[in-house]
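# Notes for the structure review
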Amino acid sequence: SNRQPTTKHVAVLAFPFGTHAGPLLRLVRKLSDAAPDVRFSFLSTPKSNDSVFSDRGSIGDDRVKRFDVGDGLPEGHVGKQMEVMERFLEGAAERFRKGMETAAREMGEEIGCLISDAFYWFVGEMAEEMKVEWVAFWTSGPRPLLVHLCTDLIRERIDIKSCESREKSLEFLPGFSKMRAADLPGEVLSPSLDSPFPNLLHKMGHHLPKATSVLINSFEELDSQIHNQLNSTLRNYLNIGPFSILPLPPRPSDDHACLPWLDNHPPNSVVYISFGGFLSPPPHELAALAEALQEFEIPFLWSFRGNAEENLPKGLLERSRGKIVPWAPQVQILMHSSVGAFVTHGGWNSVLESVGGGVPMIGRPFLGDQRMNLKTVENVWGIGVGLEGGVVSKNGVLKALGKVLGSEEGKLMREKVGILQGLAHKAAESTGSSSRNFTRLVEIVTKINLG
Ligand code: UDP
């Protein structure tokens with residue numbers, strides 16, 4: 001037989017914004033442990049690399065080596081997130097190409113496989129030129145992935161120019177009868193697929209079916225109907241999560257003593273609040289949330305982006321039973337028995353971590369995939385609620401807290417999320433589906449059949 005040579009050097013191309021590069025690096029470290037003869041070159045911007053490699057010093061180790069690529073900005077430029085992202089994407093392929101040349105030279109080894117953030121459809125073309133495999137890592141959930149694959153169909157069915165059409169059901173997509181056009185990621189219905197981010201996602205939808213493998217931080221049993229559709233569209237579609245349950249180091253530190261604080265509270269008595277790594281609701285919503293927490297007289301743990309003292313009503317902490325921290329070990333918090341509800345923006349990592357901890361959610365989505373993730377939580381899985389009007393108001397939060405923590409409906413949510421939690425843990429066991437899929441991934445990357 002004509003066996004291909006085994007891979008010795010893999011280039012990893014990370015997306016340097018949002019919570020993308022961190023999970024990818026954790027995945028690569030796990031791969032590296034499973035394939036110790038393979039060298040990995042991890043390419044991202046200096047800022048992103050500084051942040052994700054901070055756990056082991058800036059160098060990394062010699063099996064997973066850090067390489068910096070330019071961010072496309074003039075020296076010292078400060079811009080809005082979207083602008084910074086768009087300027088990065090412009091010319092990103094060329095900068096990555098150069099970065100890979102440097103990596104090949106420094107490692108003294110040609111690149112034999114490309115792993116990239118799924119956003120980077122152009123890596124599919126690079127892989128073709130280089131005659132190597134392309135493994136794409138999708139960092140959100142299965143439903144947003146499926147709608148990006150179906151963008152053309154959706155745009156044939158939904159009139160993007162009419163406002164009423166936003167209320168239209170997505171029932172023409174199998175498994176989406178409980179969702180409306182308005183729940184889609186905004187990019188899918190963008191007035192122009194030529195603008196940078198909608199364009200990136202649209203092209204991704206066209207290129208992903210060519211990837212050798214598409215990876216997702218999820219587990220097959222979570223949403224079988226959607227899983228089956230993705231599985232028949234994509235090659236080697238591998239669910240290898242939840243990362244929060246798998247032994248993927250490093251364990252985060254608890255600098256603000258959140259876990260001991262939780263230890264002092266009875267089961268299901270605390271609400272945990274976080275809107276992800278970057279977002280913060282506008283000041284009037286922060287104030288409304290704070291007032292509701294105080295009136296409900298519930299202990300809360302709040303991972304707060306920005307300056308809490310400036311942005312929250314004066315004296316809140318003295319009056320309430322809350323703890324506010326600038327960063328929290330979220331995975332461990334959601335696994336703690338004292339946490340009874342999670343107020344979240346619906347970022348995929350957060351949703352999956354909440355499932356892994358068996359905690360019902362209260363959702364306040366902002367952008368991208370968050371609305372679709374939270375609609376799935378509420379309407380499909382029945383493990384959480386939205387807020388009246390989709391934004392934070394004092395009454396809306398009081399109602400949601402009452403429902404989740406003090407009603408029969410809330411009890412049912414806890415039961416349902418407990419069932420999913422069980423399936424998640426099962427998938428992550430050594431004989432579970434995610435572990436099997438990971439073994440397959442190692443084979444694809446190393447080209448060594450583990451039997
Ligand atoms: N996170 C954390 N501590 C915090 C806030 C967030 O560890 O105080 C982690 C959280 O566990 C999750 C990630 O940051 O893994 C946020 O990712 P998500 O996809 O939910 O949202 P994004 O940051 O991309 O908006």
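Look up: the structure comes first, before these words.
Residues numbered from 1 in each chain as written. Predicted model: local features only at pLDDT ≥ 70, side-chain atom pairs only at ≥ 80, totals over all residues. Heavy atoms only, no water.

### A look at the pattern of salt bridges
- According to the stated counting rule, one finds 15 salt bridges in the structure shown.
- For Lys394, the salt bridge goes to Glu295, with nearest N and O atoms at 2.8 Å. Here the residue Lys394 occupies a position in helix α17 (residues 394-406), and Glu295 occupies one in helix α11 (residues 283-296), the gap between them amounting to 99 residues.
- Judged by its relative accessible area of 30%, Lys394 falls in the partly exposed class. (Salt bridge = Lys/Arg side-chain N within 4 Å of Asp/Glu carboxyl O. Helix = DSSP H or I, 4+ residues; strand = E, 2+ residues; numbered from the N terminus. Buried < 20%, exposed > 50% of the residue type's maximum accessible area, 1.4 Å probe, protein only.)

### Side note on the side chain of Ser354
- Considering the arrangement of structural elements, one finds Ser354 in helix α15 (residues 348-357).
- Ser354 gets classed as buried once you look at its relative accessible area, which sits at 0%.
- Setting aside chain neighbours within four positions, we find Ser354 in contact with Leu334, Phe342, Val359, Met361 and Val417. (Contact = heavy atoms within 4.5 Å.)

### Some details on the pairing of strand β8 (residues 270-274)
- Of all five residues making up β8, five are buried, and the element is well covered by its neighbours.
- Relative to strand β11 (residues 339-344), β8 is paired through five bridges, and the arrangement is parallel. Residue Val271 lies in a different strand from β11, and its bridge partner there is Ala341.
- The parallel pair β8 and strand β9 (residues 300-303) is bridged by α11, and the resulting crossover is right-handed. (Pairing = 2+ DSSP bridges. Right-handed = clockwise from strand over helix to strand, strands pointing away.)

### Examining the packing of aromatic side chains
- Taken as a whole and judged by the stated rule, the model has 16 aromatic pairs.
- Measuring from centroid to centroid gives 5.6 Å for Phe17 and Phe88, while their planes differ by 80°, and the two rings are edge-to-face. Of this pair, Phe17 sits in the loop between β1 (9-13) and α1 (21-34) while Phe88 sits in helix α3 (residues 81-89), and the two are 71 residues apart along the sequence.
- By relative accessible area, Phe17 is classed as buried at 12%.
- Under the relative-accessibility criterion, Phe88 is labelled buried at 1%.
- Where Phe96 meets Tyr120, the ring centres are 5.2 Å apart and the plane angle is 55°; that geometry is what we call tilted. (Phe/Tyr/Trp six-rings, centres within 6.5 Å; stacked < 30°, edge-to-face > 60°.)

### Digging into the packing of α11 against α17
- Packing of α11 against α17 leaves a shortest axis separation of 8 Å and a crossing angle of 45°. On the basis of the axis angle, α11 is oblique to α17. In this structure, α11 crosses over α17, and the sense of that crossing is right-handed. Seen from α11, the contacting residues are Ala288, Leu289, Glu291, Ala292, Leu293, Glu295 and Phe296; seen from α17, they are Lys394, Val397, Leu398, Leu401, Gly402 and Leu405.
- When grouped by side-chain class, the residues that make up the contact of α11 with α17 number nine nonpolar, one polar and three charged. (Axes fitted to C-alpha atoms, helices over the stretch in contact; angles between N-to-C directions. Parallel < 35°, antiparallel > 145°, perpendicular 65-115°, else oblique. Left-handed = near helix turned anticlockwise from the far one by under 90°. Nonpolar A, V, L, I, M, F, W, Y, C, P; charged D, E, K, R; others polar.)

### Side note on the pairing of β9
- The side-chain alternation of β9 yields two buried faces, one formed by Phe300 and Trp302 and the other by Leu301 and Ser303.
- Across four bridges, the pairing between β8 and β9 is parallel. Residue Tyr272 lies in a different strand from β9, and its bridge partner there is Leu301.
- As judged from the four bridges shared by β9 and strand β10 (residues 322-325), these two strands associate in the parallel manner. From the neighbouring strand, Leu301 faces β10, where its bridge partner is Lys323.

### Side note on the packing of α17 against helix α18 (residues 408-428)
- Between α17 and α18, the shortest axis-to-axis distance is 5 Å and the interhelical angle comes to 65°. Touching Lys403, Val404 and Leu405 of α17 are Glu409, Gly410, Met413 and Arg414, all from α18.

### Notes on the sheet that holds β8
- Taken in spatial order, the six strands of this open sheet run β10-β9-β8-β11-β12-β13, and their pairing is parallel. Where the open sheet ends on each side, the last strands, each with one partner, are β10 and β13 (384-386). Ignoring which end each strand starts from, the neighbouring axes of this sheet average 15° apart.
- Contacts from α11 reach β8 and β9, with the element oriented near 160° to β9.

### Some points on the site of the ligand
- Around the ligand, a shell composed of 16 residues is seen, among which Thr19, Ser303, Ala328, Ser350 and Glu353 lie nearest.
- Note that an oxygen atom of the ligand is positioned 2.9 Å from one of the side-chain N or O atoms of Asn349.
- Here the ligand loses 87% of its free accessible area of 540 Å² to cover by the protein chains.
- With four residues, α15 is the single largest residue contributor to the shell around the ligand.
- Looking at side-chain class alone, the shell around the ligand contains four nonpolar, 10 polar and two charged residues. (Near = heavy atom within 4 Å. Polar contact = N/O pair within 3.5 Å; in protein donor to acceptor, adjacent residues only side chain to side chain. Areas by Shrake-Rupley, 256 points an atom, 1.4 Å probe, with all protein chains shown as cover.)

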